[in-house]
Amino acid sequence: MNGALFSIKSSTESKNIPIKTIIDILCFLAVIIVSSLWALLIFNKTAQAQEGWYVVYGNMILQGMVPYIDFEFLYLPLYAYMSALVVLIFGDSLLAFRAIGALLFVSIAVVVFFILRSITPSWIATIGSLISVFALQGDVFFIFYDYHSVFTLFAYLSIFFVLKAILEKYKGRDNKIGLYLFVAGILCSLATAIRPQSGVMMLVYFIGSFIILHFLTERARLTLRSIGYFFVGILIPALLTCALLIYAGAFSACIEMVFFGGTKGSISGMLIGWIYYIYPGLIFYPLVLVPFLVYISFRRSDKNISVDKADLALCFLAATFVVICTVCMFSSLEVSMNIAQHHPVSPIGPSWPPVFFILGCTLILTLFIKSFIQKFRNEDIIFFDLASLFIGGSAIVIAIGAATSGPISYVGTALIFGFVFMTLLHRCAELPRTTIKRGVELLSVIFVTFLIVTIVAPKIVTPYYWWGSSPSPYVDAVYATDVDYFRGMELTADEKYMYEDFEEKANLYLGSSDEMYCYANIPIFYVIANKTPTVKAVVPWFDVSRESTIREDLDYLKNNNPKMIVFNDHTMDAVYAHQELFGDKSAHYDLYVWLLECRDGPSSNYGVFQTYSGSYNTYLLVLE
């Protein structure tokens, strides 16, 4: 089998299996331990006000409200109903969502390990999966339990099961292919129900892959019957979702909102919006690495890879070094800040995702050309190349889908990081000269650990950053609170004061029938005040809510002045930036101007009863 840990020979196979199994288990445990360490260190730390969207959606659903009819929702309803289930079981608890998110984080690392392990030795799969999962949370903000994580888990699982089907076919074993494709279809459909445009792009890519494999080699040619199982799997969640929407009377409203609403989920923005942001990656394009990858791609031979103690030592030393560095950086803010100063990635400007996106595209193009040359020469195409072509292509599609109309992100390119390093290490492991092989492997592993460390350090210093809102470092989150939603969490001093003060004033100024309005991306205050939004745009953010809905909400607010307004002032810069990105945002502009008048206007009926300054810029307005 290609990618096995040891050369497989009939005389020694039984002797090698126990050692191989032990190595697989140790590598598997390394992935779990390292990813779990990071998740456990931060899952109950800080509580930025911008992350409470889905507990509000869940509460509204449990109250009998219907997405798209009673309130706007950006994507298909699966994630909203999953959130409602969490609220139903655990109540309004941020800790419950964060704990589930930590499990998602570790699960994604494990799935990437199994994907890469299908075609490469365990030690290489370990390094690839670790760089992937740490890259997953490398953006300026990352929420463990966000819909991105759920989509990523479903998407990666669907890739894994399609890969299993291709492997079974390549080996000439047909009995499980239908089952694998059926499960892959269900998972792909579930991913679509989380983020529809990305899921549809994945579905189209899978179909295209089946066609290309059919053309390239008979050994990986899937039958129409087995592909039929895939489509049956696709249909089950899709039909159930349609039935749910039709029953709720929200089918047409959902289609209009999700696919034609002009939000960031629009398919046109997803297909071409990211291209503008790719150019910075070209500046940092590693010109030496790319020709090297191309060269060894064409020199790739079909032989099994053996692993010696040096390979394993390199892998486990890298994992240990990441653990030690993570603990040290988390324990010492000074160390993290010193590393973060030299971090090559910033919220603005060039960063690693476009670089690795271009690298991934280069690898895929190389494999594609190589495979077609071999096809026309009637040469056998090895499974590693076929699988790499499929995995890499899937990773590229996910990256484009995750970009929406913005730049290529870490959360979208996470699998590309692992794919690029897996390809490099796997092919370098076959170099005939041990000195060169060890040197390239060592440099690659050093670079992986460097990337992980420089992704973790800025995250410790600035856990979350979005349009001026940023909590203090994780080490400052040491305070407990009696606000129900944050029980079990460790907050910063600013967060503790803000939430406790708000709860006190909400209890003081809000009666049972009084209305409250939260602007713009801070609906969690509805939960703290035990209030239900009375507007349809629960999150009145520029690329989340439609202009028409914002206009309706603004008319309602002017005619029915809410008793309390929680106003997060993102400044006019955010308005102009989104106007440039998404076109006409006059309704959002008018809403923001109205809120400024409520806060600062001489004839305003509102008084500013509290200001949560610093990194939050949030004002508490009460109708006088």
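Residue positions within a chain follow its written sequence, with the count starting from 1. Side-chain atom pairs in this predicted model are given and counted only at pLDDT of 80 or more, local residue features only at pLDDT of at least 70, and totals for whole chains, interfaces and linings cover all residues. Note that the side-chain values use all heavy atoms of the structure and ignore hydrogens as well as water.

Novice: Which parts of the structure should I look at to understand the overall build of the protein?
Specialist: A run of DSSP states H or I qualifies as a helix once it reaches four residues; a run of E qualifies as a strand once it reaches two. Both are numbered from the N-terminal end. On a plain count of helices and strands, the protein comes out with 24 helices and 4 strands. The classification of residues rests on relative accessible area computed with a 1.4 Å probe and restricted to protein chains. Under 20% of the type maximum is buried, over 50% is exposed, and intermediate values are partly exposed. Relative to its 624 residues, the protein shows a buried fraction of 59%. In what follows, residue pairs with any heavy atoms lying within 4.5 Å of each other are defined as contacts. A fraction of 77% describes how many contacts in the protein between residues 6 or more apart in sequence connect residues 24 or more apart.

Novice: Got a minute to help me understand the environment of Arg 219 in this structure?
Specialist: With respect to the helices and strands, the residue Arg 219 is situated in the loop between α8 (196-216) and α9 (224-248). Note: C-alpha distance between Arg 219 and Ile 382 (163 residues apart in sequence) is 9.7 Å. What Arg 219 contacts, discounting residues up to four positions off in sequence, is Lys 169, Tyr 170 and Asp 380. A polar atom in the side chain of Arg 219 sits 3.3 Å from the side chain of Asp 380. Polar contacts, as used here, are pairs of N or O atoms within 3.5 Å; protein pairs need one atom able to donate a hydrogen and one able to accept it. Residues neighboring in sequence count only if both atoms are side-chain atoms.

Novice: Any chance you could explain the pattern of salt bridges here in plain terms?
Specialist: Two side chains carrying opposite charge are able to pair once their charged atoms lie near each other. Salt bridge, as used here, is a side-chain nitrogen of Lys or Arg placed within 4 Å of a carboxyl oxygen of Asp or Glu. The final tally for this structure, using the stated rule, is 19 salt bridges. Its salt-bridge partner being Lys 496, residue Glu 500 comes within 2.8 Å of it at the nearest N-O pair. Of this pair, Glu 500 and Lys 496 both sit in helix α20 (residues 493-509), 4 residues apart, which is roughly one turn of that helix. Residue class for Glu 500 comes out partly exposed when judged on its relative accessible area of 25%. Under the relative-accessibility criterion, Lys 496 is labelled partly exposed at 24%. The network of salt bridges with common partners includes Lys 20, Asp 24 and Arg 117.

Novice: Would you take a moment to explain the sheet that holds strand β4 (residues 618-623) for this structure?
Specialist: Backbone hydrogen bonds hold the strands of a sheet together, and the pairing may be parallel or antiparallel. If DSSP finds at least two bridges between two strands, the strands pair. Read from one edge to the other, the open sheet built from 4 strands follows the order β1-β2-β4-β3, with strand pairing classed as mixed. Across the chains shown, the open sheet's two edge strands, defined by having one partner strand only, are β1 (516-519) and β3 (606-612). Neighbour-to-neighbour, the strand axes of the sheet open up by a mean angle of 15°, direction not taken into account. Examined bridge by bridge, β3 and β4 share 6 bridges and lie antiparallel to one another. Bridging across to β4, Tyr 612 finds its partner in Thr 618. On the sheet, α20 packs against β1, β2 (564-568), β3 and β4 and is oriented at approximately 155° with respect to β3. Fitted lines through C-alpha atoms give the axes, limited to the stretch in contact for helices. The angle between two N-to-C directions lies from 0 to 180 degrees. The sheet contacts of helix α24 (residues 586-600) involve β1, β2, β3 and β4, and relative to β2 the element is tilted by about 115°.

Novice: In this structure, what is going on with the packing of aromatic side chains? I would like to understand it.
Specialist: A ring pair, where both rings are aromatic, is described by two values, the distance of the centres and the angle of the planes. In this analysis, rings of Phe, Tyr and Trp, with Trp reduced to its six-membered ring, are considered paired at centre separations within 6.5 Å, and the interplanar angle assigns stacked below 30 degrees, edge-to-face beyond 60, and tilted for intermediate values. Taken as a whole and judged by the stated rule, the model has 49 aromatic pairs. Residues Phe 28 and Phe 114 carry aromatic rings whose centres are separated by 5.7 Å and whose planes lie at 35° to one another, so their mutual orientation is tilted. Here Phe 114 lies in helix α4 (residues 94-117) and Phe 28 lies in helix α1 (residues 13-42), a separation of 86 residues in the sequence. When the ring of Trp 38 is compared with that of Tyr 474, the centres are 6.5 Å apart and the planes differ by 85°; the resulting orientation is edge-to-face. One end of the pair, Trp 38, is in helix α1; the other, Tyr 474, is in the loop between α19 (434-461) and α20, and 436 residues separate them in sequence. For Tyr 474, a relative accessible area of 6% corresponds to the buried category. Among the aromatic residues, those joined into a ring-pair cluster are Trp 352, Phe 356, Tyr 410, Phe 417, Phe 421, Phe 447 and Phe 450. Only when the NZ atom of a Lys or the CZ atom of an Arg is both within 6 Å of the ring centre and within 35 degrees of the ring normal do we say a charge sits over the ring. Here the guanidinium or amino end of Arg 599 rests over the ring plane of Tyr 619, the centre of that ring lying 4.5 Å away.

Novice: For this particular structure, what's the right way to read the packing of helix α6 (residues 147-170) against helix α7 (residues 177-194)?
Specialist: Across the interface, α6 lies against α7 with an axial gap of 8 Å and an inter-helix angle of 160°. Between α6 and α7, the angle is such that the two are roughly antiparallel. Read as a crossing pair, α6 and α7 show a hand that is left-handed. Think of it as three bins: nonpolar holds Ala, Val, Leu, Ile, Met, Phe, Trp, Tyr, Cys and Pro, charged holds Asp, Glu, Lys and Arg, and polar takes everything else, Gly as well. Grouping the constituent residues of the contact of α6 with α7 by class yields 19 nonpolar, 1 polar and 3 charged. An angle below 35 degrees is read as roughly parallel, one above 145 as roughly antiparallel, one from 65 to 115 as roughly perpendicular, and any other as oblique. By definition, turning the near helix anticlockwise from the far helix through less than a right angle yields a left-handed crossing, and turning it clockwise yields a right-handed one.

Novice: What is the right way to look at helix α18 (residues 410-428) in this model?
Specialist: Residues separated by three or four positions in an α-helix point in the same direction, a consequence of the helix having 3.6 residues per turn. Multiply 1.5 Å by the residue count of a helix minus one, and that product is the helix's expected span. A rise of 1.5 Å per residue sets the reference length of α18, with its 19 residues, at 27 Å; its end C-alpha atoms lie 26 Å apart and thus fit the reference within 8%. Burial of α18 is extensive: 19 of the 19 residues sit out of reach of the surface. Among the residues of α18, the N-terminal cap falls to Ser 409, whose side-chain oxygen and the backbone nitrogen of Gly 412 are separated by 3.2 Å.

Novice: Could you clarify how one ought to interpret the pairing of β4 in this entry?
Specialist: For a regular strand, side chains alternate in direction, first toward one face of the sheet and then toward the other. Counting buried positions along β4 gives 5 out of 6 residues, so the element sits mostly inside the fold. Bridge count for β2 against β4 is 5 bridges, and the pairing is antiparallel. The residue of β4 that forms the bridge with Asn 568 is Thr 618.

Novice: Any chance you could explain the environment of Thr 46 here in plain terms?
Specialist: Tracing the backbone through its elements, the reader meets Thr 46 in the loop between α1 and α2 (53-62). Spatially, the C-alpha atoms of Thr 46 and Ala 477 are 5.7 Å apart, while their sequence positions differ by 431 residues.

Novice: How should I be thinking about the nonpolar core in this particular structure?
Specialist: Working definition of a nonpolar core: buried Ala, Val, Leu, Ile, Met, Phe, Trp, Tyr and Cys residues. They are joined through side-chain atoms within 4.5 Å. Tyr 156, Phe 206, Phe 486, Tyr 499, Phe 502, Met 516 and Phe 525 are the most contacted members of the largest nonpolar core, which has 207 residues in total. With 16 residues, the single largest contributor to this core is α6. The contacts of Tyr 156, once residues within four sequence positions are left out, are Ile 108, Val 111, Val 112, Ile 115, Ile 398, Ala 414 and Leu 415.

Everything listed here is a matter of geometry and, on its own, says nothing about what the molecule does.
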